[in-house]
Amino acid sequence: MKKTDERYGLYSQILLYELLPAGGCTEPIAIAYTAAVARRELGCRPEHMDVYASGNLIKNAKAVYIPNGGNLRGVDAAAVLGALGGNAERALEVLLDMPEGMVEETRRLLAENYCTVHVLEGGEALQLVVRVQSGENTVEVELRHTHTNIVRIEKNGVCLKQTEDGSLSSGAEPVDYGCLTVEGILDYANSFDVSSEVGDRLRRQVEYNMRVAQEGLENHWGVNVGQMYYARGQHLQAYAAAGSDARMSGCNLPVMIVSGSGNQGITASLPVAVYAREHGIDEERMLRAVALSDLIAVHIKSGIGRLSAYCGAVCAATGSGCAITYLSGGGLKEIEDTLTNSLAVSSGMVCDGAKPSCAGKIATSLESAIMGHDLAMEGKAFQPGEGIVMDDVEDTIDAVGCMASQGMQSTDQVILKLMTK
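Residues numbered from 1 in each chain as written. Predicted model: local features only at pLDDT ≥ 70, side-chain atom pairs only at ≥ 80, totals over all residues. Heavy atoms only, no water.

### Structural notes on helix α15 (residues 393-407)
Right, on to step 1. If you check α15, its first and last C-alpha atoms are 20 Å apart, about what 15 residues at 1.5 Å a residue would give, namely 21 Å.
Right, on to step 2. Residues Val393, Thr396, Ile397, Ala399, Val400, Gly401 and Ala404 constitute the buried set of α15.
Right, on to step 3. On the buried face of α15, the contacting elements are α6 (182-191), α11 (283-302) and α13 (332-346). (Helix = DSSP H or I, 4+ residues; strand = E, 2+ residues; numbered from the N terminus. Expected span 1.5 Å × (residues − 1). Buried < 20%, exposed > 50% of the residue type's maximum accessible area, 1.4 Å probe, protein only. Contact = heavy atoms within 4.5 Å.)

### Considering the packing of aromatic side chains
Right, on to step 1. For the structure shown, the criterion picks out four aromatic pairs.
Right, on to step 2. Ring centres of Tyr230 and Tyr239 lie 6.1 Å apart, and the angle between their planes is 70°; on these two criteria the pair is classed as edge-to-face.
Right, on to step 3. Taking relative accessible area as the criterion, Tyr239 reaches 6% and is therefore assigned buried.
Right, on to step 4. The rings of Tyr8, Tyr11, Tyr188 and Phe192 are connected pair by pair, giving a single aromatic cluster.
Right, on to step 5. Over the aromatic face of Tyr208 sits the side chain of Arg211, whose NZ or CZ is 5.3 Å from the ring centroid. (Phe/Tyr/Trp six-rings, centres within 6.5 Å; stacked < 30°, edge-to-face > 60°. Lys NZ or Arg CZ within 6 Å of the ring centre and 35° of its normal.)

### Considering the sheet that holds strand β2 (residues 48-54)
Right, on to step 1. Overall, mixed pairing links the six strands, which are arranged β3-β2-β4-β5-β6-β7 in an open sheet. At either end of the open sheet lies a strand with only one pairing partner, and these are β3 (115-120) and β7 (158-162). Ignoring which end each strand starts from, the neighbouring axes of this sheet average 15° apart.
Right, on to step 2. Across six bridges, β2 lies against β3 in parallel orientation. Pairing of Ser54 across the sheet is with Leu120, part of β3.
Right, on to step 3. This element, helix α2 (residues 26-42), spans β2, β4 (127-134), β5 (137-144), β6 (150-155) and β7 of the sheet and lies at about 145° to β5. (Pairing = 2+ DSSP bridges. Axes fitted to C-alpha atoms, helices over the stretch in contact; angles between N-to-C directions.)

### Concerning a nonpolar patch on the surface
Right, on to step 1. Judged by side-chain polarity, Val345, Met371 and Phe382 come together as a nonpolar surface patch covering roughly 230 Å² of accessible area.
Right, on to step 2. Mapped onto the fold, Val345 is located in helix α13.
Right, on to step 3. Judged by its relative accessible area of 45%, Val345 falls in the partly exposed class. (Patch = residues over 30% accessible without salt bridge, like charges linked within 9 Å, V, L, I, M, F, W, Y side chains within 5 Å. Areas by Shrake-Rupley, 256 points an atom, 1.4 Å probe, with all protein chains shown as cover. Salt bridge = Lys/Arg side-chain N within 4 Å of Asp/Glu carboxyl O.)

### Re the packing of helix α10 (residues 262-278) against helix α14 (residues 358-377)
Right, on to step 1. Where α10 meets α14, the closest approach of the two axes is 11 Å, and the angle between their N-to-C directions is 40°. Classified by the angle their axes make, α10 and α14 are oblique. At the point where α10 passes α14, the crossing takes the right-handed sense. Along the contact surface, α10 presents Asn263, Thr267 and Pro271, while α14 presents Cys358, Ile362 and Leu366.
Right, on to step 2. The residue makeup of the contact of α10 with α14, split by class, is four nonpolar, two polar and no charged. (Parallel < 35°, antiparallel > 145°, perpendicular 65-115°, else oblique. Left-handed = near helix turned anticlockwise from the far one by under 90°. Nonpolar A, V, L, I, M, F, W, Y, C, P; charged D, E, K, R; others polar.)

Structural data, given as structure tokens:
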């Protein structure tokens, strides 16, 4: 793919948009960020807060530990921490320079019902309104669609900001992700400039995510799924799971996200980097493989949506499996077969919120992807007509998106009811 090809610029834009640093699970962090913006616009500490959150946001913030939060978790805790001590200028790293004493103050305010949480019915999967009040002054901040996409700010009923369509702003995806194809992704991975900003962002992805994985391997976080896999010699699963062990249990090290998820950013990059290191593959080819993994993960996930009942680790693990096939010398057919084999087996794993057990789901998804890779390198693939496997790889990706975005809507509602029972 030449730099003059329109797709080259589009694929680069997608990677630069997707690969962002985040401190902590992105759902509670999005809540903290929105609350920090509301506090900034109010100009003082709120006397009371109301948070209106979509079911999927509540699901993903319910059980995951908040970085610098002293084992606090939940929508209300994230909102109060963001309003009291969050730095709105740091976006998804909003809580990484928390002032001392904020955790204790948050605990006290939570006990006094300082923050009331409401469920937003019938909106988008990722939608949030934070309302703060001090005296006669009120501020409302609304976020939709992506984790930093603030679409409305109102103060005392006066609109300070609102996007034209009321739903998307500069925080939304920069291009139509329909430009992505597996063939185009492979072409881009083989040709992009690794000395460019994209290459620098990919290096940071590996560096940041490897650091949090090392933390998960060396210390006690969650149930240490990663340590268990490492002891078995299954290093590809171990590093990705260890990164999730740490961040789901409150580690404050930042990671680079993909599709709005740190777990997906870790899963799409670390198995590829570890495989390259253990097989003596140079940095340039490793970075090309990580780019391929990231874009395939985004390609699959874009038809599903940021938040759903479909576990996004499956998309990221499938990307990793395809990248390992790439590093093993596989061409387009083998990469497509790896993707088909992986999705044919692991699609349907449910997302029941962010929490320590995500590490186990990552490891399980990677096992499926590695099996898909092994079969593809032997010239074996599941065939069209077998379940959700369609006539070609793009149709299979579309089928997974349809199943997840439409077929699993009721599943999502049942999971939410069970979690909030």
